[in-house]
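# Descriptive structure summary
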Amino acid sequence: MGLKHVRLSIEVPPTSWVHELKEIDGIRIRIVDCVLHEDGSIMHLISVETPDKKTAEYVKEVLRASKYVDEAFFAKGTASTVIGFIKTRRCTVCGVFANRCFVRRGTYDIENGRVVWRLIAHDHEIPHVVDGLQSQGVGVELLESVEANALEPNKTTNQLLITALEEGYFDVPRRITTRELANMLGKTPATLSITLRRGIRKILKNYVIVNAV
């Protein structure tokens, strides 16, 4: 069992708030985190990269007006990147994955009216992702599935942090040891520890700078 970098081409579900954004060129959508509440609502922490500030403001307007969005909150002063929370009850596909940590692994690019989803997943999870989408009547095509360690390691720090988070490395108590996580990711414990510390340091440094303004 290994980690794979996966690329899927997905037909945008008509009941998804992402559907409202598919006609906007040059944007990249990332769902950073998601929580499925007991009442069936889903809260997404999103980051949308856009070409310029004007497009970013338009993205906010579209999401606020969307009938698929119950509530929308956006951070101020983020220029061309839209950061905020989206609450929805109407995305049937979102509900399939919100409690399985799938949607927060990767980025979503709008290409030719479809969503190209790039994520990192264990190889045994990929069929569940495809089957879950198809069970909701969503067209999906697997474009690529390659070993994670076949790519440049310097480009996977964020993915390592996400995997560590999802595997319970930062839980108290930990659900996985450094050695176990390192074996899963094909790294030595020392290399993994250094990579994670550097990634956390960068995140904390950026957070402190942003919130100090």
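My aim in this report is to walk through the structure given alongside it, one point at a time. All of these numbers come straight from a predicted model, not from anything done at the bench.

The rules behind the values
Residues numbered from 1 in each chain as written. Predicted model: local features only at pLDDT ≥ 70, side-chain atom pairs only at ≥ 80, totals over all residues. Heavy atoms only, no water. Buried < 20%, exposed > 50% of the residue type's maximum accessible area, 1.4 Å probe, protein only. Helix = DSSP H or I, 4+ residues; strand = E, 2+ residues; numbered from the N terminus. Arc of directions from axis to C-beta. Contact = heavy atoms within 4.5 Å. Salt bridge = Lys/Arg side-chain N within 4 Å of Asp/Glu carboxyl O. Axes fitted to C-alpha atoms, helices over the stretch in contact; angles between N-to-C directions. Parallel < 35°, antiparallel > 145°, perpendicular 65-115°, else oblique. Left-handed = near helix turned anticlockwise from the far one by under 90°. Nonpolar A, V, L, I, M, F, W, Y, C, P; charged D, E, K, R; others polar. Core = buried A, V, L, I, M, F, W, Y, C linked by side-chain atoms within 4.5 Å. Polar contact = N/O pair within 3.5 Å; in protein donor to acceptor, adjacent residues only side chain to side chain. Patch = residues over 30% accessible without salt bridge, like charges linked within 9 Å, V, L, I, M, F, W, Y side chains within 5 Å. Areas by Shrake-Rupley, 256 points an atom, 1.4 Å probe, with all protein chains shown as cover.

Take helix H5 (residues 178–185) next. Here H5 has its buried residues at Thr178, Leu181, Ala182 and Leu185. Projected down its long axis, H5 shows its buried positions confined to an angular sector of 100 degrees, all on one face. Facing away from the buried surface of H5 by more than 90 degrees, the exposed residues are Arg179 and Asn183. A positive phi of about 75 degrees marks glycine 186, the residue just after H5.

As for its placement among the helices and strands, isoleucine 29 is situated in strand S2 (residues 28–36). Taking the relative accessible area as the measure of exposure, isoleucine 29 reaches 1% and is therefore buried.

Mapped onto the elements of the fold, leucine 143 is located in strand S8 (residues 140–147). Leucine 143 sits in the partly exposed class, given a relative accessible area of 34%. For the pair leucine 143 and valine 116, spaced 27 residues apart in sequence, the C-alpha to C-alpha distance is 9.0 Å. The contacts of leucine 143, once residues within four sequence positions are left out, are Arg7, Leu8 and Ser9.

The step from valine 172 to proline 173 runs through a cis peptide bond, and the omega angle for that step is -5 degrees. Inspection of the secondary structure assignment puts proline 173 in the loop between helix H4 (157–166) and H5.

So, about the pattern of salt bridges. Counted under the stated rule, the structure contains 6 salt bridges. Across the pair arginine 175 and aspartate 171 runs a salt bridge, and its minimum N-O distance is 2.8 Å. Counted as one network, the salt bridges with shared partners bring together Asp39, Asp70 and Arg89.

Turning next to the packing of H4 against H5. Two elements in contact, H4 and H5, have axes separated by 11 Å at closest approach and are oriented at 130 degrees. On the basis of the axis angle, H4 is oblique to H5. Here H4 runs over H5; the crossing is right-handed. Together, Leu160, Thr163 and Ala164 of H4 and Leu181, Met184 and Leu185 of H5 make up the contact between the two elements. Across the contact of H4 with H5, the residue classes break down as 5 nonpolar, 1 polar and no charged.

This part covers the nonpolar core. Leu8, Ile10, Trp17, Leu21 and Leu63 are the most contacted members of the largest nonpolar core, which totals 33 residues. Taken together, the elements giving at least two residues each to this core come down to strand S1 (3–11), S2, strand S3 (42–49), helix H1 (53–65), strand S5 (81–88), strand S7 (114–122) and helix H3 (126–135). Listed in part, the 10 residues of the second largest apolar core include Leu160, Tyr169, Ala182 and Leu196.

We now examine the side chain of serine 41. As for its placement among the helices and strands, serine 41 is situated in the loop between S2 and S3. By relative accessible area, serine 41 is classed as buried at 0%. At 2.7 Å, the side chain of serine 41 and the side chain of aspartate 39 are in polar contact. Leave out the neighbours within four places in its chain, and serine 41 touches Val35, Leu36, Lys87, Thr88 and Arg89.

On the surface, a cluster of nonpolar side chains totalling about 330 Å² of accessible area is made up of Leu165, Phe170, Ile200 and Leu204. Structurally, the position occupied by leucine 165 is in helix H4. Owing to a relative accessible area of 45%, leucine 165 belongs among the partly exposed residues under this scheme.

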